[in-house]
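# A look at the structure
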Amino acid sequence: MKRTLFIKLSTTQIIMLSFLITILLGSILLFLPVSSATGGSVSYMDALFTATTSVCVTGLVTVPTVSTWSIFGQVVILILIQVGGLGVITIMSMIMIGFHKKMGIGERMLLQDAFNLNTMSGLSEFVRKVVGGTLLVEMVGAIGYMTVFVPRYGIRGVWISVFNAVSAFCNAGMDVIAENSLCDYALNPMVNVVTCTLIVVSGIGYIVWWDVLNALTKWKTHKLRCFRSMTLHSKIAIGFTVILIVAGAVSFFVFEYNNPLTMANCSLADRIQLSVFQSVTTRTAGFATIPQENLTNASALVSLLLMFIGGSPVGTAGGVKTVTMAVLIMSALATIQDKNEVSLFGRSISKQAVSKSVAVVSMAFVIMFISTLLLAGVTDADLLDIMYETVSATATVGLSRNLTASLNTWGKIIIVITMYLGRVGPISLAVAMNMHKEKKNIVSNPVEMISIG
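Calculation notes
- Within any chain, residue numbers begin from 1 and follow the written order of that chain's sequence.
- Restriction of local features to residues with pLDDT of at least 70 applies here, the model being predicted, together with a cutoff of 80 or more for giving and counting side-chain atom pairs; totals for whole chains, interfaces and linings are based on all residues.
- Computation of side-chain values: all heavy atoms of the structure, hydrogens and water removed.
- Between the rings of Phe, Tyr and Trp (Trp by its six-membered ring), a pair exists once the centres lie within 6.5 Å; its type follows the angle of the planes, with under 30 degrees stacked, over 60 edge-to-face, and the other angles tilted.
- The way it works is that DSSP assigns letters per residue, a run of H or I at least four long becomes a helix, a run of E at least two long becomes a strand, and they are numbered from the N terminus.
- The buried label goes to any residue with under 20% of its type's maximum accessible area, the exposed label to any with over 50%, and the partly exposed label to all in between, with areas taken from a 1.4 Å probe on protein chains only.
- The rule is short: NZ of Lys or CZ of Arg within 6 Å of the ring centre and within 35 degrees of the ring normal puts a charge over the ring.
- Patches here: salt-bridge-free residues with over 30% relative accessible area, like charges joined within 9 Å, nonpolar side chains (Val, Leu, Ile, Met, Phe, Trp, Tyr) joined within 5 Å.
- Working definition of accessibility: Shrake-Rupley area with a 1.4 Å probe, residue cover restricted to the visible protein chains.
- Salt bridges are identified by distance alone: a Lys or Arg side-chain nitrogen within 4 Å of an Asp or Glu carboxyl oxygen.
- Whether two residues touch is decided by their heavy atoms; if any such pair falls within 4.5 Å, the residues are in contact.
- Polar contacts, as used here, are pairs of N or O atoms within 3.5 Å; protein pairs need one atom able to donate a hydrogen and one able to accept it. Residues neighboring in sequence count only if both atoms are side-chain atoms.

## Some details on the packing of aromatic side chains
Under the counting rule described, the total for this entry stands at 10 aromatic pairs. Arranged with centres 5.8 Å apart and planes meeting at 65°, the rings of tryptophan 159 and phenylalanine 163 form a pair that is edge-to-face. Of the two residues, tryptophan 159 and phenylalanine 163 are both situated in helix α9 (residues 156-169); the distance of four residues between them amounts to about one turn of the helix. Arranged with centres 5.6 Å apart and planes meeting at 85°, the rings of tryptophan 209 and tryptophan 210 form a pair that is edge-to-face. Classification of tryptophan 209 by relative accessible area gives buried; the value is 12%. These aromatic residues form a ring-pair network of at least three members: Tyr145, Phe149, Tyr153 and Tyr185. Arginine 271 extends its terminal NZ or CZ atom over the ring of tyrosine 257, reaching a point 3.9 Å from the ring centre. Sitting over the ring of tyrosine 388, arginine 401 keeps its end group 5.8 Å from the ring centre.

Structure below.
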């Protein structure tokens, strides 16, 4: 009976169920007294919220991570972040590979759908590279952090460095340093560089990793062809990422230049450092070196846009993704220019990719809108603060204008559901659209023109 039930589950349902089960198991562990720093159980609502934000690598927290959870609780959170960042299916597949078990067609389909890949060939090697590359980058990041945290915190600095490295790489935005995120290290160059590097490297996507490494091998013989030799996906992801980081940094620099609550009293170099970090962290990372409630309205709106877009596909970042937005923008421009095809870097974009982009953005917007409407109905907070919270949850960012901790039970439930849908929603949609197509109807409906716009 159980075997029949499992077979009936689609890959989409299995992926969504795996995240849900991991969240529930995590919430039970965090609810145990041993997970609390005081020895008494944290409320189950806060345990569930923390487990959800960890697995969904969001970073919104109702209770301070550093002071609420014991070392055991923090270890549980770190494991949940790592599992959530890599994906439950990836972890399960790596365990199978470790025990030298051959992956069947079902496991391969799950992996293909979880990463939204176009082929099932070489999946075992792909998983090895993903896990190995992730651990290597996190280790390098942890060493970088240790140069700052070990001299200040001693042996505890090792744990802080490891936790921060994993959290930054997985774009979780949680830390065990202080209750004000990284605000105490806002002007520390090493912390800024390591954090931003981990965020960008993980958010650019694993596919781009291998493509860049492959292109670099041709650097000595074909320097001018290095970028040209990359796939269209990598070109779009890298190009759009650079544009967003630069445009975001310039916007924050301009809008916060004279803001006494953020950077008005800082030097030019410090202003640039704060602006770049804000631009990078809004791409679903969730760390803050500036209290988000102190931002000007213009900067807050720019942050909302950057959070909604997020990172790139097949990585640890959330949002609707850079490639998705790039395709959508170029599609709109093609329509305005009355072109028959959408093209980028001299290549045509398939109609299927354009349709997916429209669907992903539309679904994310619907989740965000409904969440905003519901949260506005159960709290009397400022609308901008509410939108910041819901966009952050939908795009699994973790930045907040100091609203999360003050949410009532209904508000917490709304954000928990939003974080879960934000983490599995775009994945589920991509998977659903990648599933085997049903037989097309032989008879098509008649076409009739309608007015648009």
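## Focus on a nonpolar patch on the surface
Judged by side-chain polarity, Leu17, Leu20, Ile21, Leu24, Leu25, Ile28, Phe31 and Tyr44 come together as a nonpolar surface patch covering roughly 680 Å² of accessible area. Sorting elements by how many residues they give to the nonpolar patch places helix α2 (residues 11-31) first, with seven residues. On the secondary structure map, leucine 24 appears in helix α2.

## Let's talk about the environment of threonine 284
With respect to the element layout, threonine 284 can be found in the loop between α13 (268-281) and α14 (297-309). Distance from threonine 284 to glycine 319, taken between C-alpha atoms, is 6.9 Å for residues 35 residues apart in sequence. Beyond its immediate sequence surroundings of up to four residues, threonine 284 is in contact with Asn171, Met307, Gly310, Gly311, Ala317, Gly318, Gly319, Ala395, Thr396 and Val397. Of note is the side chain of threonine 284, whose polar atom sits 2.8 Å from the side chain of asparagine 171.

## Digging into the pattern of salt bridges
Applying the stated criterion across every chain, the model contains two salt bridges. A salt bridge links aspartate 46 to lysine 412; the nearest nitrogen and oxygen atoms lie 3.0 Å apart. Taken together, the positions of aspartate 46 in helix α3 (residues 44-55) and lysine 412 in helix α18 (residues 409-434) put the pair 366 residues apart, joining distant regions of the chain. For aspartate 46, a relative accessible area of 10% gives the class buried. For the salt bridge of aspartate 385 with arginine 401, the shortest nitrogen-to-oxygen distance reads 2.5 Å. Here aspartate 385 is found in helix α17 (residues 383-394), whereas its partner arginine 401 is found in the loop between α17 and α18, with 16 residues between them in sequence.

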